[in-house]
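Fold and contact review
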Amino acid sequence: MAALPRRIIKETQRLMQEPVPGISAVPDDSNARYFHVIVTGPEDSPFEGGLFKLELFLPEDYPMSAPKVRFITKIYHPNIDRLGRICLDILKDKWSPALQIRTVLLSIQALLSAPNPDDPLANDVAELWKVNESEAIRNAKEWTRRYAMDN
Amino acid sequence: MATSQGNDSDMDCSDNEDCYDDYNDYYNDDNSDGEQLDMSKTDPEYFDYKCLSEEEVERLLNETVESLSNRLFISPSLAKVLLHSHEWNSNEVICKYKENPQQTLIAAKIDPPTPSKSIIVTSTYLSCPVCITTLNIDKFIKLNCTHMFCKDCWTTHFEVQIAQGISTAISCMAKDCVVLAPEDFVLKHLQHKTSIREKYQHFTFRDYVKSHPELRFCPGPNCSVIICSREIKAKRVVCDKCNTGFCFKCGCDYHAPTDCQVIKKWLTKCADDSETANYISAHTKDCPKCHICIEKNGGCNHMQCSNCKHDFCWMCLGDWKSHGSEYYECSRYRENPNIAHESAHAQAREALKKYLHYYERWENHSKSLKLEEQTLEKLRTRINKKVMSGLGTWIDWQYLFTAANLLAKCRYTLQYTYPFAYYMDTGPRKELFEYQQAQLEAEIENLSWKVERAETTDRGDLENQMDIAEKRRTTLLKDFLDV
Ligand SMILES: [Zn+2]
Ligand SMILES: [Zn+2]
Ligand SMILES: [Zn+2]
Ligand SMILES: [Zn+2]
Ligand SMILES: [Zn+2]
Ligand SMILES: [Zn+2]
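Bear in mind the structure is a predicted one, so any value in this text is a computation, not a measurement.

1. Considering the sheet that holds strand β3 (residues 51–57) of chain A
Residues and elements named next belong to chain A.
- Taken in spatial order, the 4 strands of this open sheet run β1-β2-β3-β4, and their pairing is antiparallel. In this open sheet, the two strands that pair with only one neighbour each are β1 (23–27) and β4 (68–71). Across the sheet, the mean angle from the axis of one strand to that of its neighbour is 20°, orientation sign disregarded.
- Contacts from helix α2 (residues 101–113) reach β1, β2 (34–40), β3 and β4, with the element oriented near 35° to β2.

2. Observations regarding the interface of chain A and chain B
- Across the boundary between the two partners, chain A contributes 12 residues, which contact 13 residues of chain B.
- Of the roughly 1,000 Å² buried between chain A and chain B, counting both surfaces, carbon and sulfur atoms make up 67%.
- Broken down residue by residue, the surface that chain A buries against chain B is led by Arg6(A), Arg7(A) and Met64(A), which jointly contribute 45%.
- Our count for the contact surface shared by chain A and chain B stands at 0 salt bridges.
- There are 4 residue pairs in polar contact (both at pLDDT 80 or more) connecting chain A and chain B.
- Classifying every residue of the side of chain A that touches chain B gives 6 nonpolar, 2 polar and 4 charged.

3. Description of the side chain of Glu445(B)
- Relative to the helices and strands, Glu445(B) is located in helix α15 (residues 428–452).
- In this structure, Glu445(B) is in contact with Gly299(B), Cys300(B), Asn301(B), His302(B), Trp320(B), His365(B) and Arg411(B), ignoring residues within four places of it in sequence.

4. Observations concerning the sheet that holds strand β1 (residues 50–52) of chain B
All names here are of chain B.
- Taken in spatial order, the 3 strands make up an open sheet running β1-β7-β6, and their pairing is antiparallel. In this open sheet, the two strands that pair with only one neighbour each are β1 and β6 (215–217). Across this sheet, the average inter-strand angle for adjacent strands is 30°, counted without regard to direction.
- Seen against the sheet, helix α4 (residues 54–72) touches β1, β6 and β7 (226–228) and runs at an angle of roughly 100° to β1.
- Taken strand by strand, helix α10 (residues 194–211) contacts β6 and β7, and its axis lies near 125° from that of β6.

5. Digging into the side chain of Lys235(B)
Residues and elements named next belong to chain B.
- Looking at the secondary structure, you find Lys235 in the loop between β7 and β8 (236–238).
- Buried and without a salt bridge, Lys235 has Glu231 as its closest oppositely charged side chain, separated by 6.2 Å.
- At 3.0 Å, the side chain of Lys235 forms a polar contact with the backbone oxygen of Pro44.
- A distance of 3.1 Å separates a polar side-chain atom of Lys235 from the backbone oxygen of Tyr46.
- Excluding its chain neighbours within four sequence positions, the residues that come into contact with Lys235 are Pro44, Glu45, Tyr46, Phe47, Phe246, Cys247, Phe248, Tyr254 and Val483.

6. Describing the UniProt feature "domain: UBC core" (unreviewed entry) in chain A
- When the UniProt feature table is mapped to this numbering, "domain: UBC core" (unreviewed entry) covers residues 3–149 of chain A.
- Between the end C-alpha atoms of residues 3–149 of chain A the distance is 38 Å, and the span holds 33% helix and 16% strand.

7. Description of the coordination of the zinc ion (ligand 4)
All names here are of chain B.
- At 2.0 to 2.4 Å from the zinc ion (ligand 4) lie its protein donor atoms, namely Cys247 (SG), Cys250 (SG), His255 (NE2) and Cys260 (SG).
- What the 4 donor atoms of the zinc ion (ligand 4) show is an angle range of 106 to 112° at the metal, which sorts the shape as tetrahedral.
- Along the chain, the residues donating to the zinc ion (ligand 4) fall in the pattern C-x2-C-x4-H-x4-C. In this pair, Cys250 sits in the loop between β9 (245–247) and α11 (260–272) while Cys260 sits in helix α11, placing the two residues 10 residues apart along the sequence.

8. Description of the pairing of β3(A)
All names here are of chain A.
- Here β3 shows one buried face, formed by Phe52, Leu54 and Leu56, and one open face, formed by Leu51, Lys53, Glu55 and Phe57.
- Note: β2 against β3, 7 bridges, orientation antiparallel. When the bridges of β3 are listed, Val37 appears paired with Leu54.
- Strand direction decides the pairing type here: β3 and β4, joined by 4 bridges, are antiparallel. Looking at the pairing, Phe57 lines up with Lys68 of β4.

9. Here we look at the nonpolar core
Residues and elements named next belong to chain B.
- Within the largest apolar cluster, 44 residues are counted, with the highest numbers of intra-cluster contacts made by Trp266, Trp362, Leu400, Leu447 and Leu462.
- It is helix α14 (residues 394–422) that contributes the most residues to this core, 15 residues altogether.
- Excluding anything up to four places from it in sequence, Leu400 contacts Leu379, Ile383, Ala454 and Leu462.

10. A look at the coordination of the zinc ion (ligand 3)
Residue and element names in this part refer to chain B.
- Summarising the metal site, the zinc ion (ligand 3) is bound by the protein donors Cys218 (SG), Cys223 (SG), Cys239 (SG) and Cys242 (SG), whose distances to it range over 2.2 to 2.3 Å.
- Around the zinc ion (ligand 3), the 4 donor atoms are arranged such that angles at the metal cover 100 to 113°; this shape is classified as tetrahedral.
- For the zinc ion (ligand 3), the donor residues sit on a single chain with the sequence spacing C-x4-C-x15-C-x2-C.
- When its relative accessible area of 32% is taken as the criterion, Cys242 is described as partly exposed.

11. Quick word on the UniProt feature "active site" (unreviewed entry) in chain A
- Residues annotated by UniProt as "active site" (unreviewed entry) correspond here to Cys87(A).
- Here Cys87(A) lies in the loop between β4 and α2.

Thresholds applied
Residues numbered from 1 in each chain as written. Chains lettered and ligands numbered in written order. Predicted model: local features only at pLDDT ≥ 70, side-chain atom pairs only at ≥ 80, totals over all residues. Heavy atoms only, no water. Pairing = 2+ DSSP bridges. Helix = DSSP H or I, 4+ residues; strand = E, 2+ residues; numbered from the N terminus. Axes fitted to C-alpha atoms, helices over the stretch in contact; angles between N-to-C directions. Contact = heavy atoms within 4.5 Å. Buried area = accessible area lost by both parts, 1.4 Å probe. Salt bridge = Lys/Arg side-chain N within 4 Å of Asp/Glu carboxyl O. Polar contact = N/O pair within 3.5 Å; in protein donor to acceptor, adjacent residues only side chain to side chain. Nonpolar A, V, L, I, M, F, W, Y, C, P; charged D, E, K, R; others polar. Buried < 20%, exposed > 50% of the residue type's maximum accessible area, 1.4 Å probe, protein only. Lys, Arg positive; Asp, Glu negative; His and termini not counted. UniProt positions renumbered as here; feature names shortened; annotations may be inferred. Donors = N, O, S within 2.8 Å, 3.2 Å for Na, K, Ca; no water. Tetrahedral: all angles 85-135°; square planar, octahedral: opposite > 155°, others 65-115°. Core = buried A, V, L, I, M, F, W, Y, C linked by side-chain atoms within 4.5 Å.

Dropping the structure here:
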């Protein structure tokens, strides 16, 4: 494997030394471009109390290309589909090489606090979120309890 | 030649001698104008266009770039960005630039929206925000914004963007910065990377052609021809290299008399409702008189039962005799005049019935076109045999191919009259349209009947029928082709 770019080494060091509150990102023992991520469900959101596992992978041309991020824990959210793929502008066309792993994780945390059903990835979830928000929130809490709280 | 500049540009440039037109010479080279005017009067489908090679278009674009760059004393690279963001309308760029150069450069994303404060760099070393490497200041470069990055990062950024097919839209690396990287800036960072440079130039060319309203890539498979016309109209153009025909305005299959939006709506509807309409694709129907099963293997919709010789219509199963008359009703859909007072359920059923009526005819003519193509193939084989055995020459039989080609052209138009009628509002104009459509349809089926029986049809009779069918087609297009 090619030597790890200075940029990735620096970012990893900083993530370990000054972790983002509510988020842990640990590089894999055998692959420094692969991160095991755990995001705590934000307070006052339907995901509160849940621990959500994600995987984050830095592609060969990172930071020119965005990291690839996916939820592993099942989650009921209008911008996250059944495969755990995330609809987030900075992971797609709004990516800038000046952004970092840290900013990506903060954006994902913010997405959990403020779901956006007008830019949906999971259509049925987004639909319910729009027509019956309280039922959608109930579903989200139920999924959090069932999939994100296993001791 | 009368310049049409005044009516298609919303900029008031008429009294400005700056706004000259550098295309005129290009288009004016060999056509005599008198002839063009006449053609467009007699043929509603007449369209003046040219098929150009990539090299010719490159030259054309470069001439525009060159003259703008000389006019405004700007680099060709900047001229390209300005033209690209103004649909290659030089006049508009000149007017805007002379009026307010700052605003023009901001709108074209050459300059940042808020003027960048000049940052005073005191140290000789800087840390690049992308690669986190500390380097001498001379290793850094920026666009017209304030965002400095090291040269190596710019190079990698361009390589990654180009690999994704992005070219004219490559922007600064800073978050939320919209400033674009012009061609000279990009190429400067790809100095020894020939294949990436070529890719980049290929992609920018593609973007330029796509943003140019007077140019269209031929949609034919693996065809590199670019069609060029001064007028942007929904008219038929045919590529002279691969023979693909399409609508110049929208680039899809030609669709007169229906316009670009309506045909799009219709095709989407057909795709959405494909399941409902599926049962229609029957190749066999029962004779309405003796009920023997009849297979349709020709394009003509005037059927004759092989068993009882009854003449009937494949579409509506009605007696063919009634189809020749002025009161021909097969193509028209009779709406229930009291439908507004019926239940929602009945209205939905009526809407479906109406759609299926038009869809069925649209689909049937499309099938007929294919079947008539097969008829033509068989005819070709038969005539080949005749010529080989001394029965006439190729020239003697040529009129039959002309007839078959004309039939295809007429039926194609007829097929596209159905979506047109479907979306038409009820009223006298629709009545006139349906009358003309019915007349056209009757003459086309007569022509098809005669082409299928080519060798036994009198040549004069056939040519007469060709003339009638084409006249009906042109009349309908003259009255309703609104482009
Ligand atoms: Zn910038
Ligand atoms: Zn750098
Ligand atoms: Zn072509
Ligand atoms: Zn069109
Ligand atoms: Zn019969
Ligand atoms: Zn009929």
